Amino acid sequence: MFKKFLGDYEFIWGPVKKGVCESSYYHFLTSSEELHELDITLGYKTRNAMNAAKGKRNLYEQILIMERIAGTHAFAASLSYCLAAEDYFGLTGKLPDCVKLIRMFFAELERLRNHIENLSEISGSTYLEVPSSLYAYYAEKIKQISSEIVFSRYLMGINTVGGVRLYNLSGREFIMNNSNKNNAFTDDKAADFKRFEYIATEVGSYIKDIEKIIKQNSETKSHIDRLKTTGKINAEIAEKLHAEGVVAKSAGINRDLRLKHPYLLYKVLALKPVLYNDGDALSRYLVRIGEIRQSFDIIKICFEKLTKNMSKQHIDDIHEQGKNIGDTGKLQHDMRSIYNYGSSGSGNNSRSDNFSGSNNDDGNSDEHTGVERNLFLSGVPHNKYGFGSVESSEGPIFCITGGFDGKIFKKINIKYPFENNFRVFKHFTKNTMMMDFNINETSYNFSVAACDK
Amino acid sequence: MAIWTYNGLKFGIKSVNFPKENDFYEGFFSYLKFDADKCLNYKETLTANGLPCLKCQEACPTGAIDILNSYDSKNSANYANGAEAKHIIDIKKCIYCGLCVSECSNIAEAVSFSNFIGKDNTNEANVKNDIKNNVKKSGKKKFGFFKKSLFVKHIDSGSCGACESEIAALNNPYYNMHRLGIFITPSPRFADVILLSGVFTDKMSEIFYNVLDNTPNPRFIILAGVCPISGGIWSGSGGLAGGSESLLNNCGFLNNKKNGDILKTENIILVPGCPPNPFMILNALLSVKSGDFAI
């Protein structure tokens, strides 16, 4: 209970709120305009995700769970899980650059989309409906491209342990045409990369239009004035409360994992951090704009590296790799095979037999199974843990895996940045204006589902 | 502010003509089609061994494919002819992960996607699309109560946030739900439709009943996504190690034992998908609005 003074009153908001939003419970203590105390209760939609993941039959099903903890951060979450699993199996150094570039490409696309969606919400919170609608239109366009190319509007189902499901990238056209499978794959191996070109050019045209909206928005005084000094946070306290992602960057705290602990190929890119020092809603808005530009640059670099710097051999390699891992859902077979191997206690040869056996079952040739065998040779259960960390659009996502029993990870956990940011939000919302609450909350871009996992 | 009015007008109308014509975007798909004639394993193994191929069924993480069930209950001769090969993919459970297609090249040829939306939210494909709406289809007289406007109250009962994002997308200029007279309302007392997303957790169930009590009749409940319909990827995860079955049964709204009475009395419409496409949600809302479902 809050300590009340004369004229103070308290009220609750949630779990079911106005509009379309996730279920969370806010408890306010206020005296007319000033907000004195705020209590946030989450946990209304806890789905027991970790136990659900433990009940799955193979690693790919665990990825499906990880993606659906927070749907708007599906790619980053599945990537963190895959990095953790690859760390566990000792595959981190063995992955080809193509796989890393493809992962970076989609991770940045997701970041870009989330930031544009948030710009739409921020504009809406300052009652500028036109720019809000324009941003939302371009975010929708990016989702439509995602659906067209990778078969999911939220970039689900691309990552697998040890690779990417290239099948998912090229499968759609094949399914739509209902054509012969072999034609879709073998005739034009570079076709997969044309899809990246399509995404890059389309997103580029959207970014041009978005830049115009951003420019006009920054000239709109009512918009900037509402954001300035709203929801200001102190850098020292924010650091103590472990603010993450955009919130930390807006207060000048550089906690970007892409810079501090580079994964994939971020080390090569020499990124510059997007930092602002004011810590208010405007800074968070500007950080997002900076990151949109940065993400688009990374998308362009990834695309260029994928197409120009890679030789035909590389393309063939990645194609074969993707085919092995994604084509026939071999990952499932792999896990079953390892499980069989582990339980029977036989040697490497017998495992190879197992692989070839499963291939024969599928009616596929054995010629392209070399990469796959190599990848999973080290997939022997051990007592160590695998760790994966990814910078999502809102901050770092950490995943830890362990206790591999031949099929799935029995010990598994994932951490999103929102728990920390909720603490920061709660602390710095006290003694602010009630009118600014919506702007303040929107600029943090919380995902309640990620906390209620 | 005047500049934004000018910019808005300059931007022009970007909305689809959707209810008038099916002008969907390039990557849109609504439901799966299953053509048993093209699934070679399906036919060959049946005729040779008398047993169907189960590769896709084994791979399915949500148990949406049930070749065995239909095989046991029917005459195998019918299957060889493809006459009864309808109930193979249950779209009430399918999360569109594509594992079945990845797993078996034969089902890959048999499965294709439809971008056709039928009036009653089903399509003509040979999949298990018997979306049993509790509402009766109006044969003679249309229910035109919501003809002019429809107010929707959204409740999140444990979704991943993607469904919310899709529902919120209905307000963007591309779909522009307002032009069709459909609005999101903050209060259940003004609502005609309750749009439920998520796995229906126990904590949210009490709140849902509260909202339902406050919603006036006549009313509809639309279940958005596979989570409230069957639990999707979460189904059957409640009673596992560490979790109490009574507290956490992520089996969805339809399978929840508490909802026995509600299912009999309420008008429930299902919109499958993970997450459901905005076009699908819009189609269900339009069907309610135009009175295709009688009370």
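Residues numbered from 1 in each chain as written. Chains lettered and ligands numbered in written order. Predicted model: local features only at pLDDT ≥ 70, side-chain atom pairs only at ≥ 80, totals over all residues. Heavy atoms only, no water.

1. With respect to the overall build of chain B
Of regular secondary structure, chain B possesses 13 helices and nine strands. Looking at chain B residue by residue over its 295 residues, the buried ones come to 61%. The long-range fraction of contacts in chain B, counting pairs at least 24 apart against all pairs at least 6 apart in sequence, stands at 79%. In the structure as shown, chain B presents an accessible area of about 12000 Å², 52% of it carried by carbon and sulfur atoms. (Helix = DSSP H or I, 4+ residues; strand = E, 2+ residues; numbered from the N terminus. Buried < 20%, exposed > 50% of the residue type's maximum accessible area, 1.4 Å probe, protein only. Contact = heavy atoms within 4.5 Å. Areas by Shrake-Rupley, 256 points an atom, 1.4 Å probe, with all protein chains shown as cover.)

2. A look at the packing of aromatic side chains
Scanning the model with the defined rule gives 44 aromatic pairs over all chains in all. On the basis of an interplanar angle of 40 degrees and a centroid distance of 5.8 Å, the ring pair of F89 of chain A and F409 of chain A is categorised as tilted. In this pair, F89 of chain A is assigned in helix 3 (residues 74-89) and F409 of chain A in strand 8 (residues 409-415), connecting sequence segments 320 residues apart. Judged by its relative accessible area of 2%, F89 of chain A is buried. Clustering of aromatic rings is evident, with ring pairs tying together Y9, F11, W13, Y26, F28, F422, F425, F437, Y444 and F446 of chain A. In this arrangement the basic side chain of K17 of chain A is found over the ring face of W13 of chain A, its NZ or CZ atom lying 5.0 Å from the centre. We note K14 of chain B situated over the ring of F11 of chain B; from NZ or CZ to the ring centre the distance is 5.1 Å. (Phe/Tyr/Trp six-rings, centres within 6.5 Å; stacked < 30°, edge-to-face > 60°. Lys NZ or Arg CZ within 6 Å of the ring centre and 35° of its normal.)

3. Regarding the pattern of salt bridges
Residues and elements named next belong to chain A. Counted by the stated rule, this structure contains 25 salt bridges over all chains. In this structure, E61 engages R57 in a salt bridge whose closest nitrogen and oxygen atoms are separated by 2.7 Å. Residue classification places E61 among the buried positions, given a relative accessible area of 1%. Judged by its relative accessible area of 37%, R57 is partly exposed. Note that R293 and E211 form a salt bridge whose closest N and O atoms lie 2.8 Å from each other. With R293 in helix 14 (residues 281-309) and E211 in helix 8 (residues 191-218), this pair connects stretches of sequence that are 82 residues apart. The exposure class assigned to R293 is partly exposed, which follows from its relative accessible area of 36%. E211 gets classed as partly exposed once you look at its relative accessible area, which sits at 27%. One network of salt bridges, with partners in common, ties together E108, R111, K249, D256, R258, E291 and E391. (Salt bridge = Lys/Arg side-chain N within 4 Å of Asp/Glu carboxyl O.)

4. Some points on the environment of S80 of chain A
Residues and elements named next belong to chain A. Of note, S80 is situated in helix 3. For S80, a relative accessible area of 0% puts it in the buried group. Along the sequence, S80 and V390 sit 310 residues apart, while their C-alpha atoms lie 5.4 Å from each other. Among residues more than four places away in sequence, those in contact with S80 are G388, V390, I397, C399 and I414. A polar contact of 2.8 Å, which involves the side chain of S80, links it to the backbone oxygen of A77. (Polar contact = N/O pair within 3.5 Å; in protein donor to acceptor, adjacent residues only side chain to side chain.)

5. Here we look at the confidence of the model for chain A
For chain A, mean pLDDT is 77; residues scoring 70 or higher make up 77% of the total. Note on residues 169-189 of chain A: pLDDT is under 50 here. Beyond four places in sequence and across chains, it has 47 contacts. (pLDDT = per-residue confidence, 0-100.)

6. Digging into the sheet that holds strand 8 of chain A
Residues and elements named next belong to chain A. As summarised here, the arrangement of the three strands in space is 6-7-8, forming an open sheet in which the pairing is antiparallel. Each edge of the open sheet carries a strand with a single partner, namely strand 6 (385-391) and strand 8. In this sheet, adjacent strand axes meet at a mean angle of 15 degrees when their direction is disregarded. Sheet analysis places strand 7 (residues 396-404) next to strand 8, joined by six bridges and oriented antiparallel. Bridged to F404 within strand 8 is F409. Where helix 2 (residues 59-67) meets the sheet, its contacts fall on strand 7 and strand 8, and the angle it forms with strand 8 comes to roughly 25 degrees. Helix 3 rests against strand 6, strand 7 and strand 8 of the sheet, and its axis sits at about 150 degrees to strand 6. (Pairing = 2+ DSSP bridges. Axes fitted to C-alpha atoms, helices over the stretch in contact; angles between N-to-C directions.)

7. Section: the pairing of strand 8 (residues 267-271) of chain B
All names here are of chain B. Extensive coverage of strand 8 is indicated by the burial of five of its five residues. Alternating residues of strand 8 divide into N267, I269 and V271 and I268 and L270, and every residue in both groups is buried. Both strand 7 (residues 220-224) and strand 8 contribute to a ladder of five bridges, which runs parallel. Bridge pairing in strand 8 links F220 to N267.

8. So, unusual backbone geometry
Residues and elements named next belong to chain B. Cis geometry marks the peptide bond from N217 to P218, where omega comes out at -5 degrees. Examined against the element boundaries, P218 turns out to sit in the loop between helix 9 (202-214) and strand 7. The amide bond that connects C274 to the next residue, P275, takes the cis arrangement and shows omega of -10 degrees. Looking at where P275 falls in the secondary structure, it is placed in the loop between strand 8 and helix 13 (278-290).

9. Some details on the sheet that holds strand 1 (residues 9-13) of chain A
All names here are of chain A. Reading across from one edge, 1-2-3-9 is the order of the four strands in this open sheet, with antiparallel pairing throughout. Whereas interior strands pair on both sides, the edge strands pair on one side only; in this sheet they are strand 1 and strand 9 (432-433). Here two bridges tie strand 3 (residues 34-41) to strand 9, and the two strands are oriented antiparallel to one another. Bridge pairing links L35 to T432 in strand 9. Across the face of the sheet, helix 19 (residues 418-429) comes into contact with strand 2 (25-31), strand 3 and strand 9 while running at roughly 160 degrees to strand 3. Where helix 20 (residues 437-444) meets the sheet, it contacts strand 1, strand 2, strand 3 and strand 9, and its direction lies at approximately 145 degrees from that of strand 2.

10. Section: the environment of L112 of chain A
Residues and elements named next belong to chain A. Along the chain, L112 falls in helix 4 (residues 97-125). A residue is classified by how much of its surface remains accessible, and L112, at 0% relative accessible area, is buried. For the pair L112 and F296, spaced 184 residues apart in the sequence, the C-alpha separation amounts to 7.4 Å. Apart from residues lying up to four places away in sequence, L112 is in contact with I142, V203, I207, I292, S295, F296 and I299.

11. Considering the side chain of S392 of chain A
All names here are of chain A. By the element assignment, S392 lies in the loop between strand 6 and strand 7. Looking at S392, the relative accessible area reads 2%, which means it is buried. A polar atom in the side chain of S392 sits 2.7 Å from the backbone oxygen of G395. Leave out the neighbours within four places in its chain, and S392 touches H73, A76, R111 and I397.

12. Describing the nonpolar core
Ranked by size, the top nonpolar core spans 154 residues in total, and within it F106 of chain A together with L285 of chain B carry the most contacts. With 13 residues, helix 4 of chain A is the largest single contributor of residues to this core. Both domains that meet at this core, namely domain 1 (31-114) and domain 2 (136-294) of chain B, each give it at least three residues. Residues contacting L285 of chain B, with those up to four places away along its chain left out, are L150, V152, L170, M177, I182, V193 and I222 of chain B. (Core = buried A, V, L, I, M, F, W, Y, C linked by side-chain atoms within 4.5 Å. Domains from an automatic or database assignment.)

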